[in-house]
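What the coordinates show
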Amino acid sequence: MTASTSTGLRVATAMLFCGASVPAVAQTDLAAAASDSAGGTATTEEAQPPEASSSNDGQIAEIVVTATKRETNLQKTPISISVIGNEALRERRVQSLLDLADGGVPSLRIATFEARQSALTIGIRGIVPLDANQPAREQGVGVYLDGVYLGRQHGLNAALFDVERIEVLKGPQGTLFGRNTEGGALSIVTRAPTGRFGGSASASVGNLGAYSGNLHLDLPARAGLSLKLDGVIQHQEPITENPFPGAVGFGYFHRKGGRAALRWKPASNFTNDFAADYALDKNSPFYSQLLNYNPNGCLSGGSNTAPLPLPAGSKCVTPGTAFTGTQGTIRPLLPGVVVNGDTLMRRVDIPVPQKVSRDRTFGFTNNLRWSVIPELELRSISAWRGVDVEQYDNSGGAHRVPVVNLTAACTGANCAFSRYSLADLRQRQFSQELQAVGTVGSLDYVAGLYYFNERVSDDAATPNTLGAVATVAGGVVTGATYVPIPFCTGTNPITANDFVGNAVRGCNIDRASKVRSRSYAAYGQVTWNATDALHVTVGGRYTIDKKEGELLASRNIDYRFDKARAAANGYKPLDEKWTRFNPLAVVAYDFSNRVHGYLKYATGYRAGGASSRTSDYRAFNPEDVKSYEAGLKTEFFDRRLRFNIAGYLMDRKGSQVDLSTIQPTATGNFNNLVTFNAPGTTKIRGIEADVTVSPFQGLQFGASYAYTYTRIPPVPVTYTAFCTGVAAPSTACTSAGQAINSTTVPQQFFIVFTPRNAASGSIDYSLPIGSSETAVKFHLDGNYAQATQAFDQFAAKADASFIVNGRVSLTDINLANAARFTLSLWSRNLFNEQYVYRRDPSNSIPAVQTAPVTGVPNILAVGNNGGILGDYGNFNTPRTFGLEASMKF
């Protein structure tokens, strides 16, 4: 990892944050998140802004939120939740969820799926699925928009509208939240209409050709109706130039969207919020660089019948295999290919075709609240949403398989490379939640019913787009030129079907599937306030999940019509039902007015599914989590110091893990990604701490820290050699797909994107100018994460990171008619730190061979080095900076 600044400057900055830093997030309570997001956007009267700002006398302001649908102090709520308020989002220049990947909340981890901007992998407390991109697989962390669960990770990086706050609830959810999740919930709460004329507008320009604009308009209430309109546009030119004719570069985005919110409040005890939104995200993947070449020192030579023995201590091994030797030739790099594992490449080495991906997200939500009597409030959350995706990802270029053997015979299409990942996804969901909330004597209660219905279809194809043409002089290859080769131009009858989208038209189809998921739940929670200090909470959730899925096509076989080959592949449609009861218990005690502790036991569950990447639509089972948590929340020195700490133990059974393995099919063996349940109990242990210090008015320091230990027990991995036909290649073969040999070796798996140590801090200072509200504000935040794995089957780690963001603003300049103007200079990744956040080592190790070879007792003992190239991966976004002007009126 390198940086454009000196080591001394980075060390000095790190020391500054360790000694004095302020969290850009505030701790608040679970019930507030449940009430405001699950029950709709909160009004100004219902919840205060979640910033841990100083009051007029320099104290840390108390944050009052609606805990379990009633007002509570965040410090007295027995759960761990981080809140990033509107001001903190602005200071950090958070335009979409991917901007939180720098680690502002240490226990929240966000990364792209593969190199694609719009499909995000989101994890909390070590619950991070690697491949939640599958239509029949659930996320481990629930993402909510105004209380509505978003079923897919696709489209999550759309532009954020006028967000009041983002809440990060840690640990299993269910008794107060819509969908049963294990790791926690990320809840986005937008601003509701105020019924008063006003609004805000902002415009920004920056490097990388960036510009953005926001407009938020509140209209006066009429006949109990209040309307709010939001519009947003965000643009950035490519980070990495790609001069292929007609192609876009890498790291580009153009996002825009609109939202309308209508509040009807005919009486003081009745509120109905309706909102509709639409967003379009045009983007291209980040560039996948070749980080090294043959890093494990694999050797060329040998054959299947006479393999090269593996030297003692060799790193040229594939996890889960029983290799005793290898064979094959390590191919030299194609001419022009650049190896760079130190810095972000701003221009591709070999230009490739690359279209703009398109992600559309849209929907409507209706939140109703009716206070029937003082002891009972009824609430309803109804929502319909959809996502449409056209994916184009050629970011790997010549840096991943297929590896070209450049010889004089290469004339283009016969030496093809540059795998283009094309896919379509269509998702529609409907959800309905009913809640009853109230207080009877010393009992506070919440009860709810939940229904979720989702339909998803997807398809994928991976054509090669470039061919190598050898340059030959005197019979010797001296170089190569690269030419585009036709792809997806056929008349494949599968692509004429209505389940296939635009991205893969004319292609050979790798896979296509559709699935319907339904979830039904009843939940409840009761808190007994036994004394003024002692509070006992019990709750539970009963969930029924049903999934019905079909694999429509696999490896260019149409399963709907070619029943024979579908059966030969072992295909079975998915038709499963799972039920769970998940209890919760909390004991909280107020030791004093400023010291509060709690003990919590909770359970969570993630439904099973099936992988459309497998030719048999291989099913996997649910996974279950038990969580034990203890926490302490404190304030000292007349509320000038706030310190909160929580420790937790989580045990997960049936962990869903992903393995690249060989699968036999009716058209031959192929390598694919299989999801299965790991045996034993996965251990997750952690500590989270937050501190805020306000020595005097206008200045705050603080820090947040998360320690996360994870371990999956070794998993026995079996590889099997299969016949390719009768007596081919062994006389023992009596039919294609017949198993001849197998090996089983324990393999260590890892939880991805979960650093052992992570920390974040910030400094905020406001200097008033004169007697008006005008002030100069300074903001600086730093975020550190230890190196961690990006793929669960490999021990190789990506880089550690330390990212600093900053902003200087002249705020609240008074204009006519009570309008206020703010001018800001901002920068993200201020020191231009460059690190690899995603490293894929799969192209650096020998391949497993599964076709028996005559004269070889067990082909599974011989690794194939012919496809070895090197690790490839993605760097973070470089330094961005710009000028922003905003106005409130």
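What you see is a predicted model, and the numbers here were worked out from it, not measured in a lab.

Parameters and conventions
- Residues numbered from 1 in each chain as written.
- Predicted model: local features only at pLDDT ≥ 70, side-chain atom pairs only at ≥ 80, totals over all residues.
- Heavy atoms only, no water.
- Helix = DSSP H or I, 4+ residues; strand = E, 2+ residues; numbered from the N terminus.
- Contact = heavy atoms within 4.5 Å.
- Phe/Tyr/Trp six-rings, centres within 6.5 Å; stacked < 30°, edge-to-face > 60°.
- Buried < 20%, exposed > 50% of the residue type's maximum accessible area, 1.4 Å probe, protein only.
- Lys NZ or Arg CZ within 6 Å of the ring centre and 35° of its normal.
- Pairing = 2+ DSSP bridges.
- Axes fitted to C-alpha atoms, helices over the stretch in contact; angles between N-to-C directions.
- Salt bridge = Lys/Arg side-chain N within 4 Å of Asp/Glu carboxyl O.
- Disulfide = S-S within 2.5 Å.

Take serine 844: it is sitting in the loop between β45 (836-840) and β46 (862-864). Beyond its immediate stretch of four places on either side in the chain, serine 844 contacts Asn292, Pro295, Asn296, Cys298, Ile868, Gly870 and Asp871.

Bringing the packing of aromatic side chains into the picture now. Within this structure, the stated rule accounts for 18 aromatic pairs. With a centroid separation of 6.1 Å and an interplanar angle of 45 degrees, the aromatic rings of phenylalanine 197 and phenylalanine 889 are classed as tilted. Of this pair, phenylalanine 197 sits in the loop between β10 (184-190) and β11 (198-206) while phenylalanine 889 sits in the segment after β48 (880-888), and the two are 692 residues apart along the sequence. Among the residues examined, phenylalanine 197 registers a relative accessible area of 55% and is labelled exposed. Using a relative accessible area of 34% as the deciding quantity, one classes phenylalanine 889 as partly exposed. Ring geometry for tyrosine 601 versus tyrosine 628: centroids 5.3 Å apart, planes at 45 degrees, classification tilted. Within this pair, whereas tyrosine 601 is found in strand β30 (residues 595-606), its partner tyrosine 628 is found in strand β33 (residues 623-636), the two being separated by 27 residues in sequence. Sitting above the plane of the tyrosine 648 ring, arginine 125 keeps its charged end 4.1 Å from the centroid. Here the basic side chain of arginine 255 rests over the ring of phenylalanine 253, its NZ or CZ set 3.8 Å away from the ring centre.

Turning our eyes to something else, we now look at the sheet that holds strand β24 (residues 464-473). Strand order in this open sheet of three strands is β21-β24-β25, and the pairing throughout is antiparallel. For this open sheet the edge positions go to β21 (411-419) and β25 (476-484), each flanked by a neighbour on one side alone. Neighbour-to-neighbour, the strand axes of the sheet open up by a mean angle of 40 degrees, direction not taken into account. Looking at chain direction, β21 and β24 are connected through five bridges and run antiparallel. Within β24, the position partnered with arginine 419 by the bridge is asparagine 464.

This paragraph deals with the pattern of salt bridges. Taken as a whole, this structure holds 52 salt bridges when the rule is applied. A salt bridge links glutamate 114 to arginine 838; its shortest N-O distance comes to 2.5 Å. Placement of glutamate 114 in the loop between β5 (108-113) and β6 (116-124) and of arginine 838 in strand β45 is noted, with a sequence separation of 724 residues between them. Put simply, lysine 228 and aspartate 230 hold a salt bridge, and the shortest N to O gap is 2.5 Å. By sharing partners, the salt bridges in this structure join Glu87, Arg90, Glu91, Arg93, Arg807 and Glu884 into a single network.

Below, the discussion takes up the state of the cysteines. Following the criterion strictly, the structure yields four disulfides and no others. Each sulfur in the disulfide pair cysteine 298 and cysteine 316 lies 2.0 Å from the other. With the S-S dihedral at roughly 110 degrees, the linkage between cysteine 298 and cysteine 316 falls on the right-handed side. Placement of the pair is cysteine 298 in the loop between β16 (289-290) and β17 (308-309) and cysteine 316 in the loop between β17 and β18 (325-327), with a sequence separation of 18 residues. For the pair cysteine 298 and cysteine 316, a shared accessibility class is recorded, and that class is buried. Paired through a disulfide, cysteine 723 and cysteine 733 show a sulfur-sulfur distance of 2.2 Å. Of note, the bridge from cysteine 723 to cysteine 733 carries an S-S torsion of about -85 degrees and is left-handed in sense. With a gap of ten residues between them, cysteine 723 in the loop between β39 (715-722) and β40 (739-747) and cysteine 733 in the loop between β39 and β40 connect regions that are remote in the sequence. Note on cysteine 733: relative accessible area 2%, which makes it buried.

Along the chain, valine 356 turns up in the loop between β18 and β19 (357-373). On the accessibility criterion, valine 356 (26% relative accessible area) is partly exposed. Placed 223 residues apart in sequence, valine 356 and asparagine 133 show a C-alpha to C-alpha distance of 19 Å. Valine 356 has contacts with Val248, Tyr252, Lys282, Asn283 and Tyr392, leaving out every residue within four places of it along the chain.

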